[in-house]
Amino acid sequence: MLISNKSKQNPTDIKPSEITPRAVFEDRRAFIKAAGTGLIAGAALIATKSKAAQIAGGETKGAGLLLGRANQGTPLMAVDKKSGLYNPHQKISGVIKTPYGADEKITKYENATTYNNYYEFGTDKADPAKEATLFKPRPWTISIEGEVKKAKTISIDELMKLASLEERIYRMRCVEGWSMVIPWVGLPLASLVKWAEPTGNAKYIEFISANDPATMPGARVNVLDWPYVEGLRIDEATNPLTLLAVGIYGELLPNQNGAPVRLVTPWKYGFKGAKAIVKIRFVEKMPLTSWMKAGPNEYGFFANVNPEVDHPRWTQSSEKRIGGGLFAGRIKTKMFNGYSEQVGQMYAGLDLQKNF
């Protein structure tokens with residue numbers, strides 16, 4: 001199997017008018033610099049490229065592709081033993097199409113896979129697609145810990161068999177004021193929660209992402225307090241919309257989009273979507289998430305999309321749809337990103353101005 005030409009295409013239709021507004025971008029960069037990174041981040045990323053390449057070169061000798069398949073025809077990742085790189089362009093078989101987002105205009109694959117926030121691979125939008133090539137999403141296991149009947153682990157291939165894989169087209173709204181529409185492939189998080197058998201003390205779920213400086217050059221820099229941590233209340237985790245995504249556009253997740261498994265909660269800002277999850281902990285108290293820790297006055301635990309609650313440094317009343325075209329204007333942001341009917345009841349009586 002050869003790597004598709006998709007990986008060589010450039011997102012030429014992302015026009016200057018479609019990217020994060022300059023003021024927002026500069027504010028975010030200023031925030032990062034205030035955390036003690038600044039130019040050190042860029043220097044560290046460059047410095048670690050050659051070392052990461054040496055590590056990969058030392059671990060991978062020989063030639064050819066290895067391709068395995070799990071039961072029911074679900075493909076594993078193919079790795080080129082000579083380069084040590086993984087091929088993301090593998091179709092996922094047996095996916096059930098759903099009516100979610102059937103009337104939405106889907107963001108182009110090239111845009112969704114080259115315009116990403118994934119600070120473990122760098123702070124610029126183009127960094128993850130370039131810097132994530134050495135990251136290895138197979139083999140992969142997730143530890144299930146905390147308030148459960150029994151601590152255990154599950155492999156990514158076992159996870160993909162817990163429930164039927166579905167394609168769901170969801171809107172994705174970034175806290176920075178831009179958005180996409182992405183066809184995710186995954187299974188309801190509720191399926192894993194049931195399998196994990198949480199105790200009555202479990203009120204929240206904490207998601208912990210991979211932290212591998214050898215293949216994640218951004219993790220060598222203190223942009224955030226690694227590893228990346230996110231969390232949900234149990235009722236949010238078991239809401240029918242909440243997805244553990246293992247693919248996009250009918251294919252396995254690319255590294256830059258969170259391979260091999262990430263969290264998708266379409267009514268929340270995108271940073272809630274923990275990527276490359278290695279540990280899931282059921283806990284009694286609200287976990288301190290990465291962005292809450294980094295900016296407690298700017299990023300709350302819930303992170304629900306709310307056009308009426310501005311970020312302290314920019315408005316959240318509108319958004320720019322990536323790939324909308326040169327003359328496409330901003331669109332109004334919807335409460336809960338347009339999913340109020342499905343999730344609004346979970347926040348009845350909650351002060352959404354205070355609990356942002």
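Once a new chain begins, its residue numbering starts again from 1 and follows that chain's sequence as written. Under the rules for a predicted model, residues below a pLDDT of 70 receive no local features and side-chain atom pairs below 80 are neither given nor counted, while totals for whole chains, interfaces and linings still include all residues. To obtain the side-chain values, all non-hydrogen atoms of the structure were used and water was disregarded.

J.: Let's hear about helix H6 (residues 189-196): which residues, and what values?
T.: An α-helix turns once per 3.6 residues; consequently, residues spaced three or four apart project the same way. Note on exposure labels: buried denotes an accessible area under 20% of the residue type's maximum, exposed denotes more than 50%, and partly exposed covers the range between, all computed with a 1.4 Å probe on protein chains only. Think of it this way: any DSSP run of H or I at least four residues long counts as a helix, any run of E at least two long counts as a strand, and we number them from the N terminus. Among the residues of H6, Leu189, Leu192, Val193 and Ala196 are the ones counted as buried. The arc that holds every buried residue of H6, seen down its axis, measures 105°, which confines them to one face. Trailing H6 by a residue or two, Glu197 shows a phi angle of about 55°, which is positive. Throughout, the arc means that of the directions going from the helix axis to the C-beta atoms.

J.: Give me the lowdown on the sheet that holds strand E9 (residues 204-209), citing residues and values where you can.
T.: Any two strands are treated as partners once DSSP identifies two or more bridges connecting them. Strand order in the open sheet formed by 5 strands is E6-E5-E14-E9-E10, and the pairing between neighbours is mixed. This sheet does not close on itself; its edge strands, each paired only once, are strand E6 (152-155) and strand E10 (229-233). Shown here is a sheet whose adjacent strand axes are inclined to one another by a mean of 20°, direction ignored. The pairing of E9 with strand E14 (residues 277-283) spans 6 bridges and is classified as antiparallel. When the sheet's bridge partners are listed, Ile208 is paired in E14 with Lys279. What makes two residues a contact is simply this: any of their non-hydrogen atoms within 4.5 Å. An axis is simply a line fitted to the C-alpha atoms; with a helix, the fit covers only the stretch in contact. Between two such axes, the angle follows the N-to-C directions and lies from 0 to 180 degrees. Against the sheet, H6 touches strand E5 (141-146), E6, E9, E10 and E14, its axis set at about 145° to E6.

J.: Tell me about the pairing of strand E15 (residues 318-321), and please be specific about residues and values.
T.: With 2 bridges joining them, strand E8 (residues 178-188) and E15 adopt parallel strand pairing. The residue of E15 that forms the bridge with Trp178 is Lys320. Strand direction decides the pairing type here: E15 and strand E16 (residues 331-332), joined by 2 bridges, are antiparallel. Note on E16: the bridge partner recorded for Glu319 is Ile331.

J.: Residue-level account of the environment of Gln342, with values.
T.: Note that Gln342 resides in helix H9 (residues 340-343). In the structure, Gln342 is positioned 101 residues away from Leu241 in sequence and 7.7 Å away in space, judged by C-alpha atoms. Look past the residues within four positions of Gln342 in its chain and what remains in contact with it is Asn239 and Leu241.

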